[in-house]
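Fold and geometry: a report
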Amino acid sequence: MQSAFLKATVFTVGLCAIYIYIGEVITEISGGAKTAATAAGVSPEAGEAIFWGKGKCHTCHSLGSRGSAIRGPNLGVDGARFPLPIGLRAEERAKEMSQKSGKPITAADYLVQTHHDPGAYVVEGYKNEMPAAWKAPIKLKPEEVLAVDLYLQSQGGEPKVEALASSQYYIQMKKAAESQKGAPAETFRPYLKGDPEKGKALFFDPESKAPCAKCHMVGDQGGKVGPELTNVSGTRDLPYVIESILEPSAQIASGFEPFLIVTKDGEFVNGVKKAEDDQSVTLADNEGQQRKVPKAKIEKMVQQKKSIMPDNFRELLTMEEFHDLLAYLETLK
Amino acid sequence: MKKRMIRVLLVALVVVLAAPLLVAAAAPTVGETYRTFLGFDSRISIWLIAEIHLMFGAFVLGVPIFAVTIEIIGWKTKDPRYDRLAYEFTQLLGGAFSFTALLGGLLTFALFGLFPKFMEFLSGIFHDVMYLYAGLFFLESTTFYIYYYFWDSMANRKGLHIVLGILLNVWGTVIMMVANSWAAYMMSPVGLDKETGQFVGTVWQAVNNPLWTPLNIHRFLGNVAFGGLICGGYAAIRYLGAKTQEERAHYDWMGYVGNFSAMCGLIPLPFAGYYLGREVYSASAVMGNNMMGGAFSWTFIIQAILIGGLFIGSNYYLWIGMHRIPGAERYTRYIKFIEVVLLLCFAIWLTPHNLPLSAEEQIAVGGQYHPTLKYLGLMSGKNAVVNLIILLTFASFLLYRRANLGDGVAFSQQPAKSRVVLFGVAGLVILIMAWYAKSLLSLDPASLDLSGETAKYFVLPAALLIIQIAAVLVTAILTLWNRGKLAQLVYVGVTAVDATFILGVYGYVIMAVANPFLRNVAVTQWLILMSAIIWVTTIDVFLFKGAPQLGEMSWGKMPVRSQYTLIAVCVFIVMLIGLMGFIRSGLREDWHIYAILQDSSEGSWTPDNALMAKVVSACVLIFLGAISFLFWLTGAGGKKTETAAPSSPEFSVTPK
């Protein structure tokens, strides 16, 4: 009997191991653990991240051939039913609504209104069931809704944040969201409590997924390609630090602007300018390697808008690793 | 043993009864919203405690349902083995009640300690119900004492004893329903002032919230299957460790009974799941979409794997079991076809809705989604194959049932009351389908936010229901003409074509042009399938009435792999309970009370499937370990409960 019980126990543990393996595989292929955060700010890119992420828009809407949801109208081009993408469709709808109501309604108004009061215009053949994304349970901030609208506007149209932000519906939404809060906005806090020791290990280990010390100095350790981070959390707030990790090109620290040098030999050299004299320019790349280029060989030198810092930490780091790193940076005051 | 059990139960009762008082004393400190569990992560701690408590809850509900059902069968068939089996499992309940209550007490304290603000809110609405809950536990325990300790002395008053068993189940079910009301309320709160968040409704409104009834049905059926499969798992281990042929025969029979009982719960379970899912969607479209098309769509793939394992495992066990049945060789050649179709169905069910592809993969496939396979990930395809899986499992069971039987008495020679029953059931089935067909034809498209012209799409499902009605009439006539087997074949065939193929494909049309009507299509499929199960079973009963057995059952001659199959399906259902608990709770995302009370703790993010699988596996191992301990503690299957050799010639594989 004992032998049978032991065999059954081993069998059960084996089944659990397979179950855990399936969980790991499915997480891996669905990218479950690699969604450290969404893009910050009001931009079509941030709107895209929200549309396909925390805003849950993609659970009802597809965008052309992207996505497979059909509960809500496709917001891209989709056969004869939706021949125009939503950026252009919004203009048609605005005209239609203006004619009906006798009041001037712009495409920006229409887009914002779809989130402020989704029942105001229900597309034929669809149920009036879209939730207002700025209300619970989705509860996007008005700025996040604005980013989504900007993203939608960019689908065939020209994204104009001023037009959206000055829409009466956006102003109403913002006012209502503020009054719902009843208190000043909560202080930003990370999703997880990270382990600063693990974060420190990530930071300094040159073989880790985020070997920040290759370029950034803390105390007397690390490279000098990027800004020194010894007191970064004492001088910068957390959202700024997060943005700097996930969107390094959003704001490039002064003095660390990247340059591209095209030599007369047709070679491209990219990096942060570390030194310059009459004879040469020295650039440092994101591996911490410095390259001195004689001025006589330079065909063209252009300042870049894109930071040399890798911008794929969102994909590289798991949620836990990202928060470990953040926890370490928070100790640098 | 009995005194020790009483002591443990009394301690458990004190814990449960004292919980509300202790809860009141544990009022949250002002400004302190969250704490940690002895320094451990509060979310993982509460997850483990709650899930293991729920598993025990399912056990103490599932086992009495199983035990009393088996006792009734034993009473009716006068077969003492059923009575012994029911007793063996009832023995487990004392310890299981204690574990459940102790875990419940721990859960209560942990909830009030770790999430005081949330519990202040919940107890503010449900505190009266919480006292009722404790009182019901008292009633259940008392009923259990009488039911268990008077088992032998009430042997001559079996009817009364069974009434006690049923009463035990009534209390257990009501306890489950009360606890469900809290869990359901967290997902679909009602009676609240939307501006202030204050509760302004009645307690009954809160209890009878939109997800309460579907959750009750889903959990009840799940517990029926759970009880049976735990029995099967236990029997399998005993079978593997059996020293004598007599023991092997007994535990083989026990495994069969457990699996059969589980299948009774498993067959309607997907419908209950669909009903619950539909109501989740109705309660909140955001939550519903997140469930099937958002963050949890991949978790449902794991769910499909587990349910696939359950159905294929149970069918596989039945098929192996046919080798011990003289006469089964007539049907075994059909099994491989059923197996192939079942596997195809599961492949379709497993097709994910969202498939992240790299740029290279997209180019290779020709877009983000495969041009053909993408349709299989949609609800309509999944509904179709789930219906076919259930129909095939039902067919598989029919083959098993008739395996040992020769031809019964011709229907024309059966007494007149057989015709009355046949036409009574036919009438009932026809009436229900006719009622739904009429309601489809008179359905106002505006009630689904659809335009008037979409009404034409309601006609086909109604027409298929009418075809089914015609099929009932035709097959009734065939049965009267002693062509029952042909009648069964015709009705199962028509059902497969209507519910699976026609409505399966039609579902895609509806999704494109009148999506809100899809749920009505699903209900039509469900009705057609249920009509098949009820109607074909009725014909089967008359078809094999008085049928002779073709030989003696060879109990105790099952291969080892069959027993590991039973253990596997037992583990699968415990995993499934853990997984569904994760989904139900996770669907609230960062809300304690959905869209009302936000979770601002560090653990407010949604765990990924990797973490889910680890925590659920831990729950499974702890729970099954504890259950094994209970089996050992109570000495179930020991000397006292040994029974006579079960291979009595009068025993039929057909539940009498």
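Residues numbered from 1 in each chain as written. Chains lettered and ligands numbered in written order. Predicted model: local features only at pLDDT ≥ 70, side-chain atom pairs only at ≥ 80, totals over all residues.

We now examine the overall build of chain B. The secondary structure content of chain B amounts to 20 helices and two strands. Counting over 656 residues, chain B shows a buried share of 50%. Relative to all contacts within chain B whose residues are 6 or more apart in sequence, the contacts with residues 24 or more apart total 84%. (Helix = DSSP H or I, 4+ residues; strand = E, 2+ residues; numbered from the N terminus. Buried ≥ 20, exposed ≤ 12 C-beta atoms within 10 Å, placed from the backbone. Contact = placed C-beta atoms within 7 Å.)

Looking only at helices and strands, chain A has twelve helices and seven strands in total. Over its C-alpha atoms chain A spans a radius of gyration of 25 Å, topping by over 25% the 20 Å that the globule rule assigns to 333 residues. Sorting the 333 residues of chain A into buried and exposed places 37% on the buried side. Pairs at least 24 residues apart make up 56% of the contacts formed inside chain A by residues separated by at least 6 positions. (Rg over C-alpha atoms; globule rule 2.2 N^0.38 Å.)

To continue, consider the interface of chain A and chain B. Contact residues are listed per partner, giving 44 residues for chain A and 51 residues for chain B. Of the residues contributing to the side of chain A that touches chain B, the split by class is 23 nonpolar, twelve polar and nine charged. (Nonpolar A, V, L, I, M, F, W, Y, C, P; charged D, E, K, R; others polar.)

On domain assignment, one finds that chain A holds domain 1 (44-181), domain 2 (196-251 + 310-330) and domain 3 (258-303). The gap between the C-alpha centroids of domain 1 of chain A and domain 3 of chain A is 45 Å. (Domains from an automatic or database assignment.)

Residue and element names in this part refer to chain A. With zero of six residues buried, strand β7 (residues 298-303) lies mostly on the surface of the structure. Bridging between strand β3 (residues 258-263) and β7 involves five bridges; their strand directions are antiparallel. Each residue of the ladder has a partner; that of Ile 261, found in β7, is Met 301. (Pairing = 2+ DSSP bridges.)

A few words on the sheet that holds β7 of chain A. Residues and elements named next belong to chain A. Taking strand neighbours across the sheet as the criterion, the five strands line up as β6-β5-β4-β3-β7 in an open arrangement whose pairing is antiparallel. Both outer strands of the open sheet, β6 (290-294) and β7, are each paired with one neighbouring strand and no more. For this sheet, the mean inter-axis angle between neighbouring strands, taken without regard to orientation, is 45°. Sheet topology note: the strand β5 (residues 280-284)/β6 ladder contains five bridges and is antiparallel. Considered in β6, the bridge of Val 281 is made with Val 293. (Axes fitted to C-alpha atoms, helices over the stretch in contact; angles between N-to-C directions.)

What follows deals with helix α11 (residues 297-321) of chain B. Here α11 of chain B spans 36 Å end to end across 25 residues, near enough to the 36 Å set by a 1.5 Å rise per residue. The buried fraction of α11 of chain B is high, at 19 of 25 residues. (Expected span 1.5 Å × (residues − 1).)

Moving on, we get to the confidence of the model for chain B. All names here are of chain B. Chain-level pLDDT for chain B is 86 on average; 89% of the residues reach the 70-or-more range. Within chain B, no element has a lower average pLDDT than helix α1 (residues 2-25), which sits at 53, and none a higher one than helix α16 (residues 459-480), at 97. Taken as a whole, residues 639-656 scores under 50 in pLDDT and shows 34 contacts with residues more than four places along the chain or in a different chain. Interface confidence for the predicted complex, expressed as ipTM, amounts to 0.82; the pTM equals 0.75. (pLDDT = per-residue confidence, 0-100.)

Residues and elements named next belong to chain B. As assigned here, chain B comprises domain 1 (2-28 + 42-355 + 365-406 + 548-635) and domain 2 (407-547). Here the C-alpha centre of domain 2 lies 30 Å away from the C-alpha centre of domain 1. Opposite the 21 residues of domain 1 that make contact, domain 2 presents 21 residues. Put simply, the parts of the chain that give the side of domain 1 that touches domain 2 at least two residues each are α9 (269-283) and α14 (379-402). A total of 13 residues in the side of domain 1 that touches domain 2 trace back to one element, the largest contributor, which is α14.

Turning next to the packing of helix α2 (residues 42-77) of chain B against helix α20 (residues 609-634) of chain B. Residues and elements named next belong to chain B. Following both chains from N to C, one finds α2 and α20 inclined at 45°, their axes separated by 10 Å at the closest point. The angle between α2 and α20 falls in the class oblique. Two packed elements cross with a definite hand, and for α2 against α20 that hand is right-handed. Where α2 approaches α20, its residues Ile 44, Trp 47, Leu 48, Glu 51, Ile 52, Met 55 and Phe 59 are matched on the opposing element by Val 615, Ala 618, Cys 619, Ile 622, Phe 623 and Ile 627. Each residue belonging to the contact of α2 with α20 can be placed in one class, and the counts come to twelve nonpolar, no polar and one charged. (Parallel < 35°, antiparallel > 145°, perpendicular 65-115°, else oblique. Left-handed = near helix turned anticlockwise from the far one by under 90°.)

It is worth spelling out α9 of chain B at this point. All names here are of chain B. Across its 15 residues, α9 extends 21 Å between first and last C-alpha, which sits within 8% of the 21 Å expected from 1.5 Å per residue. Every buried residue of α9 is accounted for by Leu 269, Pro 270, Phe 271, Tyr 274, Leu 276, Gly 277, Glu 279, Val 280 and Ala 283. Contacts from the buried residues of α9 go to α5 (158-187), α7 (212-240), α8 (245-266), α10 (285-292), α14 and α18 (518-543).

Residue and element names in this part refer to chain B. At their nearest, the axes of α14 and α18 sit 11 Å apart, and the two run at 5° to each other. Accordingly, the angle class assigned to the pair α14 and α18 is roughly parallel. When α14 is examined against α18, the residues Met 379, Ser 380, Asn 383, Asn 387, Ile 390, Leu 391, Phe 394 and Leu 398 are found in contact with a partner set consisting of Leu 518, Ala 522, Gln 525, Leu 529, Ala 532, Ile 533 and Asp 540.

This part is about the nonpolar core. Met 55, Ala 96, Ile 573, Val 574 and Met 575 of chain B are the most contacted members of the largest nonpolar core, which totals 243 residues. Per-element accounting of this core gives the leading share, 17 residues, to α2 of chain B. Setting aside residues up to four positions removed in sequence, Met 575 of chain B forms contacts with Tyr 19 of chain A together with Leu 306, Val 616 and Val 620 of chain B. One finds Phe 203, Cys 215, Tyr 328 and Leu 329 of chain A within the second-largest nonpolar core, a separate group that totals 26 residues. (Core = buried A, V, L, I, M, F, W, Y, C linked by C-beta atoms within 7 Å.)

Another aspect to go through is unusual backbone geometry. Looking along the chain, the bond that leaves Ala 136 of chain A and enters Pro 137 of chain A is cis, with omega of 10°. Mapping Pro 137 of chain A onto the fold places it in the loop between α4 (107-116) and α5 (142-153). One non-glycine residue, Glu 589 of chain B, lies in positive phi territory at about 50°. According to the C-beta neighbour criterion, Glu 589 of chain B is buried, with 23 such atoms within 10 Å. The backbone phi angle of Ala 595 of chain B is positive, close to 65°, even though this residue is not glycine. Looking at where Ala 595 of chain B falls in the secondary structure, it is placed in the loop between β1 (591-593) and β2 (597-598).

With that settled, the discussion passes to the environment of Asp 277 of chain A. All names here are of chain A. Relative to the helices and strands, Asp 277 resides in the loop between β4 (268-276) and β5. On the basis of neighbour count, Asp 277 is assigned to the exposed category, with 9 C-beta atoms found within 10 Å. As for Asp 277 and Pro 294, which are separated by 17 residues in sequence, their C-alpha atoms are 9.6 Å apart.

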